[in-house]
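Below are the chains, spelled out letter by letter.
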Amino acid sequence: MGTSNSVEVFAGKLAAFARAAADADEEGVARGALVMTTAARASIAAAAGGDSILSGMGKGAKVGARFDIHPGPVPGAVVKATGPLHIIERDTSAHMIPREGARVRRKRKRLKLADGNVRRRVNHPGTSGKHPFEKAVNASQAATLKAMRAPYTKALAKQFGR
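Scope of this entry: the structure provided in the associated data block. (Residues numbered from 1 in each chain as written. Predicted model: local features only at pLDDT ≥ 70, side-chain atom pairs only at ≥ 80, totals over all residues. Heavy atoms only, no water.)

### Thoughts on helix α4 (residues 141-160)
Part 1 of the reasoning: Compared with the 28 Å implied by 1.5 Å per residue over 20 residues, the 28 Å span of α4 between its first and last C-alpha is a close match.
Part 2 of the reasoning: At A150, α4 shows its largest kink, close to 35 degrees, and the proline P151 lies no more than four residues downstream.
Part 3 of the reasoning: Looking only at α4, the buried set comprises T144, A147, P151, A155 and Q159.
Part 4 of the reasoning: At its buried positions, α4 is contacted by α1 (7-47). (Helix = DSSP H or I, 4+ residues; strand = E, 2+ residues; numbered from the N terminus. Expected span 1.5 Å × (residues − 1). Bend = angle between axes of the 7 residues up to and from the residue. Buried < 20%, exposed > 50% of the residue type's maximum accessible area, 1.4 Å probe, protein only. Contact = heavy atoms within 4.5 Å.)

### Remarks on unusual backbone geometry
Part 1 of the reasoning: Positive phi, normally seen in glycine, also occurs at S52, with a value near 60 degrees.
Part 2 of the reasoning: Within the secondary structure, S52 sits in the loop between α1 and β1 (53-54).
Part 3 of the reasoning: Residue S52 is classed as buried on the basis of its relative accessible area, which comes to 14%.

### Comments concerning the nonpolar core
Part 1 of the reasoning: A40, I44, A47, A48, L54, V63, A65, L85, I88, F133 and A136 together form the largest nonpolar core, which totals eleven residues.
Part 2 of the reasoning: If you list the elements that add at least two residues to this core, you get α1 and α3 (132-139).
Part 3 of the reasoning: Sorting elements by how many residues they give to this core places α1 first, with three residues.
Part 4 of the reasoning: What A48 contacts, discounting residues up to four positions off in sequence, is I53, L54, V63 and I88. (Core = buried A, V, L, I, M, F, W, Y, C linked by side-chain atoms within 4.5 Å.)

### Brief notes about the packing of α1 against α4
Part 1 of the reasoning: The interhelical angle for the contact between α1 and α4, taken along N-to-C directions, is 160 degrees, at an axis separation of 7 Å. It follows from the interaxial angle that α1 and α4 lie roughly antiparallel. Relative to α4, α1 is oriented so that their crossing is right-handed.
Part 2 of the reasoning: Of the residues assigned to the contact of α1 with α4, the class counts are 19 nonpolar, four polar and four charged. (Axes fitted to C-alpha atoms, helices over the stretch in contact; angles between N-to-C directions. Parallel < 35°, antiparallel > 145°, perpendicular 65-115°, else oblique. Left-handed = near helix turned anticlockwise from the far one by under 90°. Nonpolar A, V, L, I, M, F, W, Y, C, P; charged D, E, K, R; others polar.)

### Here's the deal with the packing of aromatic side chains
Part 1 of the reasoning: Inspection of every chain in the model, using the stated rule, returns two aromatic pairs.
Part 2 of the reasoning: Summarising the aromatic geometry, the rings of F10 and F160 are spaced 6.0 Å apart at their centres and angled 50 degrees between planes, so their arrangement reads as tilted. Residue F10 is found in helix α1, and its partner F160 is found in helix α4; the two are separated by 150 residues along the sequence.
Part 3 of the reasoning: Among the aromatic residues, ring-to-ring pairing joins F10, F17 and F160 into one connected group. (Phe/Tyr/Trp six-rings, centres within 6.5 Å; stacked < 30°, edge-to-face > 60°.)

### A look at the pairing of strand β4 (residues 76-82)
Look at any regular strand and the pattern is simple: side chains alternate between the two faces of the sheet.
Part 1 of the reasoning: With seven bridges joining them, strand β3 (residues 64-70) and β4 adopt antiparallel strand pairing. Among the inter-strand pairings, I69 is bridged to a residue of β4, identified as A77.
Part 2 of the reasoning: The turn joining β3 and β4, which pair antiparallel and follow one another in sequence, is formed by five residues; a positive phi near 155 degrees is taken by G72. (Pairing = 2+ DSSP bridges.)

### Details of the side chain of T144
Part 1 of the reasoning: With respect to the helices, strands and loops of the structure, T144 is situated in helix α4.
Part 2 of the reasoning: What makes T144 buried here is its relative accessible area of 7%.
Part 3 of the reasoning: The residues touching T144, leaving out its near neighbours within four places in the chain, are G32, V35 and M36.

Here it is, written out as structure tokens:
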């Protein structure tokens, strides 16, 4: 199996590898997408407090990541965030928060805070995003490439290895 004694044997091995490489494309994409999605989920969970649920959003909003495989002549995958991840992913600028349920054009509406103070509106100072999805994608690139190459390495070893 490691050496070819004739051109015909070598050509047969090349043809078998070509057939195996077609299957390795989709398998490699799926493995790579799984590695990247797993890293994104772990990073998002850590940024959301460990449970992937954002508190302070009613009953809580679940955030995470998933992937979709797109088969075809050139298979691919899309890894995407789920839920309102943009709240912790991106930076927010300073803005005014009107009283809940009040229409913005009503100038006399006031907001009663927990400490008893009454205000018309609240100045939100803005936040800097934690960027968990972006950091996970960047950190998992090497592991993703390794997972994507594994099916090709296996197919090569099967046809030309020992």
